[in-house]
Structure formats: structure tokens, C-alpha cells
Amino acid sequence: LALARADATELQPQPVELVALARELTRSAWPRARGAGIDLGFEAPDTPLTARGHTGLLREALGNLLHNALRYTPPGGHVTVQVAREGDTARLSVLDDGPGLAPDELERAGERFFRGRGARSGGTGLGLAIARAVAQRHGGTLALRSTTEGLGLVASLWLPLDPSDPPESEILRGFP
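Residues numbered from 1 in each chain as written. Predicted model: local features only at pLDDT ≥ 70, side-chain atom pairs only at ≥ 80, totals over all residues. Heavy atoms only, no water.

1. Brief notes about the packing of helix 2 (residues 18–35) against helix 3 (residues 55–72)
- Running from N to C, helix 2 and helix 3 cross one another at 35 degrees; their axes reach a closest spacing of 10 Å. Considering only the axes of helix 2 and helix 3, their crossing is right-handed. Listed contacts from helix 3 to Leu-18, Leu-21, Ala-22, Glu-24, Leu-25, Thr-26, Ala-29, Arg-32 and Ala-33 of helix 2 are Thr-55, Leu-58, Arg-59, Leu-62, Gly-63, Leu-66, His-67, Leu-70 and Arg-71.
- Across the contact of helix 2 with helix 3, the residue classes break down as ten nonpolar, four polar and four charged. (Axes fitted to C-alpha atoms, helices over the stretch in contact; angles between N-to-C directions. Helix = DSSP H or I, 4+ residues; strand = E, 2+ residues; numbered from the N terminus. Left-handed = near helix turned anticlockwise from the far one by under 90°. Contact = heavy atoms within 4.5 Å. Nonpolar A, V, L, I, M, F, W, Y, C, P; charged D, E, K, R; others polar.)

Below, the structure written as C-alpha cells:
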């Protein structure tokens, strides 16, 4: 059903404050992370980042990335949700130090029903496909890569910022 919503929901774009959305999702996951012995962190700019889109779909996409990271990160591990501005694009990333994906699996991750060799039972192989579909519906992309240390995964939603969202340099100079 979530994939059908990602594919078919009428967007009627509204302003979505991405830092607040990511912070809310991260806070709601803290009890689960603590219960699993995972250190869950949050990193974001002090300034808001606004995209135009469907709040529920964007919450679903980022929530799927966070859910996967918490599911595959072992006790004692770390998961970090990051929000950053890069030019006229927002990057919402979930970094973990779980088992990650093999290079050949990174290429296929995000395909419907694809599950990596280390996938745990109970999943459907749709979480990343939903995230990818939501990103594409919003004019963005889903990017997956191994961490620089070679263990873990970085899953990022790249979304265009609302054109009316001023660049950080203008905010710092005091422009509206």
C-alpha cells in the first residue's frame, strides 16, 4: 500500500520544512534505538530548509531509510540522520555502521522486491523502492553508497529546495 501511495498520491505540493521533518522522525525513533542499544544521532543546520512536496510521502521515504538503518545496525552501533544544504538541493541522509551492501547489491538496491544477501526475514524488499519512488516524484533522487570506512551504508534523499528558500549566505547577511 505504501508503494501504491508513493506512485499514485496526488502531490499538490506544499512547503515542507525538511530539518523539522527529519528531527521529528529521529526523535520518534530514539526509544527504538535505545532499546536496541544503538546510538542514534541527528545533525542539521540551524536554518530551515524548505522543499515543496507531500509531507506524508517525504516522511514515509525518510522513515524507511531510518527503519532500515536501525534494523541492520547491531547493538553498540551508530546511526546518524543528517540534513544538509548543497547548492539548491537538500540532502537527507541516514548513515549507519551496519553490514552495508556489497557493490553488486548497491546497484540493485531500490528495485522493487530486491533484498540483499544479508537481509533479515520479515521484510518485503520495498522500503528502498518506496524511498526512490517518493524522491523521483519530488524531482529528486535516492543515492546509496558504502561508508568511507567500508562498513555500513549511507542512504540519501536528494531533493530540490523550494526556489523561495534563500541561500544560507543570504540568511547570514540578514535578508528575508
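Having seen the model, we can carry on.
2. Section: the confidence of the model for the protein chain
- Per-residue confidence for the protein chain averages 82 on the pLDDT scale, and 72% of its residues sit at or above 70.
- Per-element mean pLDDT across the protein chain ranges from 47 in helix 6 (residues 168–173) up to 98 in strand 2 (residues 39–43).
- A low-confidence stretch, residues 169–176 (pLDDT under 50), is modelled with four contacts involving residues beyond four sequence positions or located in other chains. (pLDDT = per-residue confidence, 0-100.)

3. Quick notes on the pattern of salt bridges
- This structure, assessed with the given rule, holds three salt bridges.
- Salt-bridge contacts for Arg-59 lead to Glu-24; the nearest nitrogen and oxygen are separated by 3.3 Å. Of the two residues, Arg-59 is situated in helix 3 and Glu-24 in helix 2; the sequence distance between them amounts to 35 residues. (Salt bridge = Lys/Arg side-chain N within 4 Å of Asp/Glu carboxyl O.)

4. Quick notes on the sheet that holds strand 2
- Read across the sheet, five strands follow the order 2-4-5-7-6 without closing on themselves; strand pairing throughout is mixed. Strands at the two margins of the open sheet, each flanked by one partner only, are strand 2 and strand 6 (141–146). Put simply, the sheet's adjacent strands are angled 15 degrees from each other on average, direction ignored.
- Strand contacts of helix 2: strand 2, strand 4 (78–86), strand 5 (89–96) and strand 7 (153–160), with the helix running at about 170 degrees to strand 2, the strand carrying the most contacts.
- In the packing of helix 3 onto the sheet, contacts are made with strand 2, strand 4, strand 5, strand 6 and strand 7, and the angle to strand 5 comes to roughly 25 degrees. (Pairing = 2+ DSSP bridges.)

5. Some thoughts on helix 3
- With 18 residues, helix 3 should reach 26 Å at 1.5 Å per residue; the first-to-last C-alpha distance of 26 Å fits that figure.
- For helix 3, the full list of buried residues reads Leu-57, Leu-58, Ala-61, Leu-62, Gly-63, Asn-64, Leu-65, Leu-66, Ala-69, Leu-70 and Arg-71. (Expected span 1.5 Å × (residues − 1). Buried < 20%, exposed > 50% of the residue type's maximum accessible area, 1.4 Å probe, protein only.)

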